[in-house]
Amino acid sequence: MQQRYIILDGPNLNRLGRREPSIYGVVSSQEMMERLQHDFPNVTIEYHQSNHEGVLIDLLQQFDDEKVSGIIFNAGAYTHTSLALADAIRSLSTPVIEVHLSNTAAREECRHTSYIAPVVRGTITGFGIHSYRLALLAFLEG
Ligand code: DQA
């Protein structure tokens, strides 16, 4: 059976491509997914997004129950606030890689803390949409 990877985006990332393009770029999530699917034809890559913390928790638990191969997670601003998401990830057996489009360490101080970082396999930050590609490569070749 083909390996199944999930890209899970948190709040406001549904507006990628038109949200603060100088920070997050001009490519939409849909375009990014088309490029990834084209470049990695031998794996299934699914995209999910929610603006709601509880929905993100439900989805993480659901993907774990479905035994997906890995989850690439951009929790958006919840990265810096959500103990609930950190607890959810800690309870999974599925490996999770945290990604960010922007280099959060180079931004406001409130973005320097990640509740997610200590409970994931690793973090990739600052490479725009390529952060997602690098995370996928880490799963496939790591
Ligand atoms: C982000 C960084 C967060 O600080 C911010 O709240 C986002 C996007 C990123 O991908 O760079 O929504 O996760």
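All values derive from a computational prediction rather than experimental measurement.

Glancing now at the pattern of salt bridges. Counted by the stated rule, this structure contains six salt bridges. As a salt-bridge pair, Arg-4 and Glu-46 come within 2.7 Å of each other at their nearest N and O atoms. A residue pair is termed long-range when its members are at least 10 positions apart, and Arg-4 in strand E1 (residues 4-9) and Glu-46 in strand E2 (residues 44-49) qualify at 42 residues. Classification of Arg-4 by relative accessible area gives partly exposed; the value is 21%. The class for Glu-46 is partly exposed, based on a relative accessible area of 23%. Note that Glu-66 is salt-bridged to Arg-4, the shortest N-O span being 2.9 Å. With Glu-66 in the loop between helix H3 (53-65) and strand E3 (70-74) and Arg-4 in strand E1, this pair connects stretches of sequence that are 62 residues apart. For Glu-66, a relative accessible area of 36% puts it in the partly exposed group.

Once that is clear, we can look at the nonpolar core. Ranked by internal contacts, the top residues of the largest apolar core, which has 22 residues, are Ile-7, Met-32, Leu-36, Ile-45, Ile-72 and Tyr-132. At the level of secondary structure, the elements contributing two or more residues to this core comprise E1, helix H2 (29-39), strand E4 (96-100) and helix H5 (130-141). Among the elements that make up this core, the one with the highest residue count is H5 (four residues). What Ile-45 contacts, discounting residues up to four positions off in sequence, is Tyr-5, Ile-7, Met-33, Leu-36, Gln-37, Phe-40 and Leu-136. In this structure, Ile-6, Leu-59, Tyr-78 and Ile-89 belong to the second largest nonpolar core, which totals 21 residues.

Moving on, we get to the pairing of E4. Successive residues of a regular strand alternate their side chains across the two faces of the sheet. Across the five residues that make up E4, a large majority, five, are buried. Here E4 shows two buried faces, one formed by Val-96, Glu-98 and His-100 and the other by Ile-97 and Val-99. Summarising the sheet, E3 and E4 pair through three bridges and their orientation is parallel. What sits directly across from Phe-73, in E4, is Glu-98. The parallel pair E3 and E4 is bridged by helix H4 (residues 83-90), and the resulting crossover is right-handed. Looking at chain direction, E4 and strand E5 (residues 122-125) are connected through four bridges and run parallel. Each residue of the ladder has a partner; that of Val-99, found in E5, is Ile-124.

On to the site of the ligand, then. In the region of the ligand, the neighbouring residues are Arg-19, Tyr-24, Asn-74, Gly-76, Ala-77, His-80, His-100, Leu-101, Ser-102, Thr-104 and Arg-111. Here an oxygen atom of the ligand and a side-chain polar atom of Arg-19 are 3.0 Å apart. Taking Leu-101, its main chain carries an N or O atom lying 2.8 Å from an oxygen atom of the ligand. Counting atoms within 2 Å of the grid points, the majority share of the ligand lands in the largest pocket. In the shell around the ligand, the residues fall into three nonpolar, six polar and two charged.

Taking the numbering used here, the UniProt-annotated feature "active site" (unreviewed entry) corresponds to Tyr-24 and His-100. Maximum C-alpha separation among the annotated residues is 9.4 Å over a sequence range of 77 residues, consistent with a single clustered spot. Filtering the just-named annotated residues for those lining the largest pocket gives Tyr-24 and His-100. Here Tyr-24 shows up in helix H1 (residues 21-24). Owing to a relative accessible area of 9%, Tyr-24 belongs among the buried residues under this scheme. Ignoring any residue separated from it by four or fewer positions in sequence, one finds Tyr-24 in contact with Leu-16, Arg-19, Leu-101, Ser-102, Arg-107 and Arg-111. You can call His-100 buried: its relative accessible area is 6%.

Parameters and conventions
Counting starts from 1 at the beginning of each chain's written sequence and moves along it residue by residue. Where local features are concerned, this predicted model is filtered to residues with pLDDT of at least 70; where side-chain atom pairs are given and counted, the filter is 80 or more; whole-chain, interface and lining totals use all residues. Side-chain metrics rest on all non-hydrogen atoms present in the structure, leaving aside hydrogens and water. Salt bridges are defined as contacts in which a side-chain nitrogen from Lys or Arg sits within 4 Å of a carboxyl oxygen from Asp or Glu. Going along the chain from the N terminus, every DSSP run of H or I of four or more residues is numbered as a helix, and every run of E of two or more is numbered as a strand. For every residue, the accessible area (1.4 Å probe, protein chains only) is compared with the maximum for its type, and the residue is labelled buried under 20%, exposed over 50%, or partly exposed between those bounds. For this analysis, a nonpolar core means a set of buried residues of the types Ala, Val, Leu, Ile, Met, Phe, Trp, Tyr and Cys, connected via side-chain atoms within 4.5 Å. The criterion used for residue contact is that any of the two residues' heavy atoms lie within 4.5 Å. A strand pair is defined by DSSP finding two or more bridges across the two strands. When the strands point away from the viewer and the connection leading from the first strand across the helix to the second strand turns clockwise, the crossover is called right-handed. Being near a molecule or strand, for a residue, comes down to having at least one heavy atom within 4 Å of it. Between N or O atoms, a polar contact is any pair within 3.5 Å; within protein, one atom must be a potential hydrogen donor and the other a potential acceptor, and residues adjacent in sequence are included only when both atoms are from side chains. For cavity detection a 1 Å grid was placed over the protein atoms alone, and a set of points counts as a cavity when a 1.4 Å probe fits there but cannot get out; an open set counts as a pocket when protein lies on both sides within 12 Å along at least five of seven lines, with lining residues being those that have an atom within 4 Å of a point. Being in a pocket or cavity means that more than half of the molecule's atoms lie within 2 Å of its grid points. Three classes are used, and their members are as follows: Ala, Val, Leu, Ile, Met, Phe, Trp, Tyr, Cys and Pro are nonpolar, Asp, Glu, Lys and Arg are charged, and the others, Gly among them, are polar. UniProt positions are given in the numbering used here, feature names are shortened, and annotations may be inferred rather than shown by experiment.

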